[in-house]
Amino acid sequence: MNFSKRSFVFAEEEYFSIDDILATNERIPCKFEVGVHKLGFLDPSNGNSDLARGTKLEIPLWMAQALRSRRIISMDIPRVYREAYREILNADASVVDLHKMGPYFYHFGLYLLRFAHQDSEDISRILYHTFRHRFRKLMDTSQNSIEEDATALTANLDRTEIALFNLGHKSLLDLKNWQHRRSQKILTTDLVMNLKKRKRTLMDDSP
């Protein structure tokens, strides 16, 4: 699966999407390849008003995208997508606390695939591997925990997984309501009722 072409729930780039805004606000390691005037405030340890060439900082992804397009910075990948963490996920992705690694693990990972770097293929594979190995347990939990506290069950999930859990949970509730006839019943429309009344009136008036 090519994750640069496909997306998960809420993984689309949307101007009015709160999830997209929060995902692109995640920080990414960068190195300034040129000196930049009036951006010294980005580095709390810097006593100057300017940023010197070679300065290393973690800045929000949305800012990094703009600066990288102007060749002002070079970008590195966050540590949770590096080899050490990929090995942990490969070993047993189902037990990893993705929320602690990053609440937008998949969403942010998809953004990283837009930048050409040597780990792109490995990140793509680990996103697919992690999602595939956690999906069945995620759906089983959402379908068999109707009486349990959903907050506790989703504590180690990232935002994409929480959205899927909620969809599964809602589907189960809707099914149970339908089975117990608690869902909205099918009623005759006013149009049909009025037509029946007119027919009845005509029949009563006929000789």
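Residues numbered from 1 in each chain as written. Predicted model: local features only at pLDDT ≥ 70, side-chain atom pairs only at ≥ 80, totals over all residues. Heavy atoms only, no water.

If you check an unreviewed UniProt entry, the chain appears there as DNA replication complex GINS protein PSF3 from Caerostris darwini. Turning to the chain, the UniProt record has this under Subunit (unreviewed entry): "Component of the GINS complex." UniProt, in the comment section headed Sequence similarities (unreviewed entry), describes the chain in these words: "Belongs to the GINS3/PSF3 family." (UniProt positions renumbered as here; feature names shortened; annotations may be inferred.)

Chemist: What is the right way to look at a nonpolar patch on the surface in this model?
Modeler: On the surface, a cluster of nonpolar side chains totalling about 280 Å² of accessible area is made up of Ile-18, Ile-21 and Leu-22. Its location among the elements puts Ile-21 in helix H1 (residues 18-23). You can call Ile-21 partly exposed: its relative accessible area is 43%. (Patch = residues over 30% accessible without salt bridge, like charges linked within 9 Å, V, L, I, M, F, W, Y side chains within 5 Å. Areas by Shrake-Rupley, 256 points an atom, 1.4 Å probe, with all protein chains shown as cover. Salt bridge = Lys/Arg side-chain N within 4 Å of Asp/Glu carboxyl O. Helix = DSSP H or I, 4+ residues; strand = E, 2+ residues; numbered from the N terminus. Buried < 20%, exposed > 50% of the residue type's maximum accessible area, 1.4 Å probe, protein only.)

Chemist: When you look at helix H5 (residues 105-112) in this model, what are you seeing that I'm missing?
Modeler: Since the α-helix turns once every 3.6 residues, residues separated by three or four places project in the same direction. Within H5, eight of the eight residues are buried, which leaves the element mostly enclosed by the surrounding structure. Buried within H5 are the following residues: Phe-105, Tyr-106, His-107, Phe-108, Gly-109, Leu-110, Tyr-111 and Leu-112.

Chemist: What's the story with the packing of aromatic side chains in this structure? I'm lost.
Modeler: Applying the stated criterion to the full structure yields five aromatic pairs. On the numbers, 5.1 Å between centres and 10° between planes, the contact of Tyr-81 with Phe-105 is stacked. You can see Tyr-81 sitting in the loop between strand E3 (73-75) and helix H3 (83-92) and its partner Phe-105 sitting in helix H5, a full 24 residues away along the chain. Assigned by exposure class, Tyr-81 and Phe-105 land together as buried. The exposure class of Tyr-81 is buried, given its relative accessible area of 3%. (Phe/Tyr/Trp six-rings, centres within 6.5 Å; stacked < 30°, edge-to-face > 60°.)

Chemist: Got a minute to help me understand the layout of surface pockets in this structure?
Modeler: Picture a little ball the size of a water molecule; that probe, rolled over the atoms, points out where space is still empty. What the largest pocket holds in volume is close to 350 Å³. Residue lining of the largest pocket: 17 residues in total, with Glu-26, Pro-78, Arg-79, Val-80 and Met-101 positioned closest to the centre. The residue inventory of the lining of the largest pocket, partitioned by class, reads nine nonpolar, one polar and seven charged. (1 Å grid on protein atoms, 1.4 Å probe; cavity = no way out; pocket = protein on both sides within 12 Å on 5 of 7 lines; lining within 4 Å. Points joined across faces, edges and corners; volume = space filled by probe spheres on them. Nonpolar A, V, L, I, M, F, W, Y, C, P; charged D, E, K, R; others polar.)

Chemist: Looking at this structure, how should I read unusual backbone geometry?
Modeler: As a rule of thumb, non-glycine residues mostly have phi less than zero, and peptide bonds are mostly trans rather than cis. In this structure, Lys-38 is a non-glycine residue whose phi angle is positive, near 70°. By the element assignment, Lys-38 lies in the loop between strand E1 (27-32) and strand E2 (56-60). With a relative accessible area of 62%, Lys-38 lands in the exposed category. A positive phi is found at Arg-71, a non-glycine position, where the angle reads about 60°. Of note, Arg-71 is situated in the loop between helix H2 (61-69) and E3.

Chemist: Just to check I follow, could you spell out the packing of helix H6 (residues 120-143) against helix H8 (residues 159-179) for this structure?
Modeler: Helix-helix packing is described using two parameters, namely the angle between the two axes and the distance between the axes. Between H6 and H8, whose axes approach to 8 Å, the crossing angle comes to 35°. As for the relative orientation of H6 and H8, their crossing is right-handed in sense. Contacts between H6 and H8 pair Phe-131, Arg-134, Phe-135, Leu-138, Met-139, Thr-141, Ser-142 and Gln-143 from the former with Glu-161, Leu-164, Phe-165, Gly-168, His-169 and Leu-172 from the latter. (Axes fitted to C-alpha atoms, helices over the stretch in contact; angles between N-to-C directions. Left-handed = near helix turned anticlockwise from the far one by under 90°. Contact = heavy atoms within 4.5 Å.)

Chemist: Would you mind showing me how to read the pairing of E1 here?
Modeler: Relative to E2, E1 is paired through five bridges, and the arrangement is antiparallel. What sits directly across from Arg-27, in E2, is Pro-60. Sheet topology note: the E1/E3 ladder contains three bridges and is antiparallel. Bridge pairing in E3 places Lys-31 opposite Ser-74. (Pairing = 2+ DSSP bridges.)

Chemist: When you look at H6 in this model, what are you seeing that I'm missing?
Modeler: Between its first and last C-alpha atoms H6 spans 34 Å; for 24 residues at 1.5 Å apiece the expected length is 34 Å, and the two agree. The largest bend along H6 measures about 35° and falls at Phe-135. All of the buried residues in H6 are Ser-120, Ile-123, Ser-124, Ile-126, Leu-127, His-129, Thr-130, Phe-131, Arg-134, Leu-138, Met-139 and Ser-142. Among the structural elements, H3, helix H4 (98-101), H5 and H8 are those in contact with the buried residues of H6. (Expected span 1.5 Å × (residues − 1). Bend = angle between axes of the 7 residues up to and from the residue.)

Chemist: So what exactly am I meant to see when it comes to the pattern of salt bridges here?
Modeler: Any two side chains of opposite charge can pair, so long as their charged atoms come close to each other. A complete count under the given rule lists eight salt bridges for this structure. A salt bridge links Arg-86 to Asp-119; its shortest N-O distance comes to 3.8 Å. Separated by 33 residues along the polypeptide, Arg-86 in helix H3 and Asp-119 in the loop between H5 and H6 bring together distant segments of the chain. Summarising the burial analysis for this pair, Arg-86 and Asp-119 share the class buried.

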